[in-house]
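# Architecture and fold: a report
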Amino acid sequence: MATNKKKLTTASGIPYAENENSMTVGPRGPILLQDFILHEKMAHFNRERIPERVVHAKGSGAYGTLTITHNITQYTRAKVFNQIGKQTRLFLRFSTVGGEKGSADTERDPRGFAIKFYTEDGNWDLVGNNTPVFFVKDPKKFGDFIHTQKRDPYTNCKSATMMWDFWSLNPESLHQVMIVMSDRGTPYGYRHMDGFGSHTFSLINARNERFWVKFHFKTLQGIKNFTDEEAGAMRGTNPDFAQHDLLTHIDNGEYPKWAMKIQVMPEDDAKTYHINPFDLTKVWPHGDYPLIDVGILELNENPDNYFAHVEQAAFAPAHVIDGIGYSPDKMLQGRILSYPDAHRYRLGGNYEQLPVNKCPFMVANYQRDGLMTVNGNHGSAPNYFPNSFDEIEADPHYKEPAWDLGAHTADWYDRNAEGENDHYTQPGTLYRLMSPEAKADLIKNIVHSMKGIDGPKKELITNRQLCHWFRADMGLGMAIAKGLELNLDETMKHMPA
Ligand code: HEM
């Protein structure tokens, strides 16, 4: 009679005779070294943890589809966009940034919005956030910035002093700090927030013309945020709120959706546009570059195993496909190096062979061997190029047009040089666009956070940051100063002319 029963086995497939009692000399005697099943169980258990992501460690992910609803082939030849109705499978991982893998997913923080599109021209990774801008504009500053979001080396606690010290010394961060300090810094789970590719990328069409592009994903569930108090309470009651919310909605067939849109800038506009279009601390005003509809992104399948899919997922901004390219955004350039390096450390050199990362269409190259080779290692096919046996070749059709970078002198150019140092106009405009309730919440959240600044430099850091808020908007500065119960006359003395 057929049975579903299976034999319990070792990792090498040898059936167990006993799974709960170790082999001992007599019922009360010591354990025998020869009980190798005990060793295997303990040893494998000891190796269950892999390094958590150095940032964005806490996350949730799901599979889904991108369906194209509009024709953007005048801008790009990328096959993922080549037909209305075309569907591409994808994996999306959401995350918080600063917390550890076990931290609460309702922390005040940006949210990661990392998408892997499994396209016929290879996997395209768009590794963005729920914010259109970022804290710094040069990758050299990234590690220092992240240290301020993690734990103080002495107290091992999070430190408002470190954060505001860094931000006040880096006014380029003001735009992103304002967004994170608003209620958008505590979104109601992952379904009710927008996603952004954030950087400027490029699109290349069939005529080999280049356009600059920004990618947007507008939530169709509507924007919904926690207030500071609600997020604080949720951290205590359910630190996995966002994970649970995403998982249960997909399990119940309520598939979250986002409208994918783009902003497109003709290549030559970049030379004259009044904002540096490759500066990640700035947005492109929609009045100048309106949103163009592309398609609908839907999440409709929970992975059956968290570790296999979500923890082992590896996204890299380096992975763009034909019809999509990089831009000179310094931050993007830094990330092109950083992510595959992080994956090789966290998951090993063959991380691309793991099911969630694997290109489902075709991989043909001469990379061989290494730890955990699980793809058959290309069997008996030649492992060198050129050779006289296979017909694998590089296809020049995939080449993108040459870049005119407009300069040929290498130097350490000041990222905030004259003309690149307006840190205040866009945050000020953002503030003035907010509803009275949003303004009130923002001020309350900033005051709450800045009250955490302490130590011998408390006054210096507080006043320095206050100057930035004043420069963005006088009313905002006044309201924060009042909330912090500061003597305004004293503060004004520290304001630069
Ligand atoms: C130079 C600047 C940056 C560097 C060096 C950097 C580096 C890293 C590293 C090393 C990881 C961990 C990767 C892993 O172990 O899998 C990571 C994760 C991530 N980063 Fe960045 N990052 C930078 C800026 C940004 C920006 C500007 C964004 C968004 C616009 C961003 C979004 C993300 C996301 C969403 C993840 C998590 C990906 C996932 O879900 O696995 N990062 N970053």
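Because the structure is predicted, anything quoted here is derived from the model rather than measured. (Residues numbered from 1 in each chain as written. Predicted model: local features only at pLDDT ≥ 70, side-chain atom pairs only at ≥ 80, totals over all residues.)

Right, let's talk about the overall build of the protein for a bit. Assigned secondary structure in the protein consists of 14 helices and 10 strands. Whereas a compact globule of 497 residues would reach a radius of gyration of roughly 23 Å, the protein reaches 26 Å, a difference of no more than 12%. For the protein, the residues scored as buried account for 35% of the 497 residues in total. (Helix = DSSP H or I, 4+ residues; strand = E, 2+ residues; numbered from the N terminus. Rg over C-alpha atoms; globule rule 2.2 N^0.38 Å. Buried ≥ 20, exposed ≤ 12 C-beta atoms within 10 Å, placed from the backbone.)

So, on to the domain arrangement of the protein. By the assigned domains, the protein splits into domain 1 (9-48), domain 2 (59-135 + 174-359) and domain 3 (425-493). Domain 1 and domain 3 are separated by 61 Å when their C-alpha centres are compared. (Domains from an automatic or database assignment.)

Among all residues save glycine, negative phi is the norm, and among peptide bonds the norm is trans. Residues Phe385 and Pro386 are joined by a peptide bond in cis, for which omega reads -5°. Within the secondary structure, Pro386 is located in the loop between helix H9 (330-346) and helix H10 (425-433). Phi at Asn156 takes a positive value of approximately 60°, unusual for a residue other than glycine. Not every positive phi belongs to a glycine, and Asp369 is a case in point at roughly 65°.

With that out of the way, let us pick up the pairing of strand E7 (residues 210-219). Counted residue by residue, E7 has 8 buried out of 10 residues, so it is predominantly covered. Judged from the 2 bridges that link them, strand E5 (residues 195-196) and E7 form a sheet pairing that is antiparallel. By the bridge assignment for E7, Gly195 is matched with Phe217. Relative to E7, strand E6 (residues 201-204) runs antiparallel, the two being bridged by 4 bridges. Residue pairing across strands places Ile204 opposite Arg210, the latter belonging to E7. Between E6 and E7, which pair antiparallel and follow one another directly, the connecting turn spans 5 residues, one of which, Asn208, has a positive phi of 65°. (Pairing = 2+ DSSP bridges.)

Next up on the list: the site of the ligand. For the ligand, the set of nearby residues contains 27 residues, the closest of which are His56, Arg93, Gly112, Pro139 and Ser198. Listed by contribution, the elements that provide at least two residues to the shell around the ligand are strand E2 (87-96), strand E3 (111-119), strand E4 (122-129) and H9. Of the residues that constitute the shell around the ligand, the class distribution is 13 nonpolar, 10 polar and 4 charged. (Near = placed C-beta within 6 Å. Nonpolar A, V, L, I, M, F, W, Y, C, P; charged D, E, K, R; others polar.)

In this numbering, the UniProt entry assigns the feature "domain: Tyrosine-protein phosphatase" (unreviewed entry) to residues 71-327. Secondary structure across residues 71-327 divides into 22% helix and 25% strand, with the first and last C-alpha atoms of the span separated by 23 Å. (UniProt positions renumbered as here; feature names shortened; annotations may be inferred.)

Further remarks concern the nonpolar core. Leu90, Leu92, Phe117 and Val213 are the most contacted members of the largest nonpolar core, which has 60 residues in total. Filtering out sequence-adjacent residues up to four positions away, Leu92 remains in contact with Gly61, Ala62, Gly64, Ala114, Ile115 and Leu299. Among the nonpolar cores identified, the runner-up in size contains 21 residues, and Trp164, Leu442, Ile453 and Ile480 belong to it. (Core = buried A, V, L, I, M, F, W, Y, C linked by C-beta atoms within 7 Å. Contact = placed C-beta atoms within 7 Å.)

With 7 of its 8 residues buried, E4 lies for the most part within the structure. Bridging between E3 and E4 involves 8 bridges; their strand directions are antiparallel. Opposite Lys116, over in E4, you have Asp125 as the bridge partner. In textbook terms, the turn of a hairpin is the stretch between consecutive antiparallel strands, and for E3 and E4 this stretch comprises 2 residues.

At a minimum axis distance of 9 Å, the contact between helix H11 (residues 436-450) and helix H13 (residues 474-483) shows a crossing angle of 45°. Taken together, H11 and H13 sit at an angle that is classed as oblique. Of the two elements, H11 crosses H13, and the hand of that crossing is right-handed. Residues Ile443, Ile446 and Val447 of H11 form the contact with H13, whose own contacting residues are Ala479, Ile480 and Gly483. Residues belonging to the contact of H11 with H13 are distributed by class as follows: 5 nonpolar, 1 polar and no charged. (Axes fitted to C-alpha atoms, helices over the stretch in contact; angles between N-to-C directions. Parallel < 35°, antiparallel > 145°, perpendicular 65-115°, else oblique. Left-handed = near helix turned anticlockwise from the far one by under 90°.)

Quick look at H13 now. Among all positions of H13, only Leu476, Gly477, Ile480 and Ala481 are buried. With its buried residues spanning 130° around the axis, H13 presents them on a single face. Exposed side chains of H13 directed beyond 90 degrees from the buried face belong to Met474 and Lys482. Just downstream of H13 lies Glu485, where phi reads positive at about 55°. (Arc of directions from axis to C-beta.)

Right, let's get into the packing of helix H2 (residues 142-149) against helix H3 (residues 160-169). Packing of H2 against H3 leaves a shortest axis separation of 7 Å and a crossing angle of 150°. Each of Asp144, Phe145, Thr148 and Gln149 in H2 lies in contact with H3, whose residues at this interface are Met162, Met163 and Phe166. When grouped by side-chain class, the residues that make up the contact of H2 with H3 number 4 nonpolar, 2 polar and 1 charged.

With that settled, consider the environment of Ile84. With respect to the secondary-structure elements, Ile84 resides in the loop between strand E1 (59-68) and E2. Among residues more than four places away in sequence, those in contact with Ile84 are Ile68, Thr69, His70 and Asn71.

A few words now on the environment of Gln87. One can find Gln87 in strand E2. The exposure class of Gln87 is partly exposed, given the 15 C-beta atoms found within 10 Å. Considering only alpha carbons, one finds Gln87 and Val447, 360 residues apart in sequence, at a separation of 46 Å. Not counting residues up to four positions away in its chain, the partners in contact with Gln87 are Thr65, Leu66 and Thr67.

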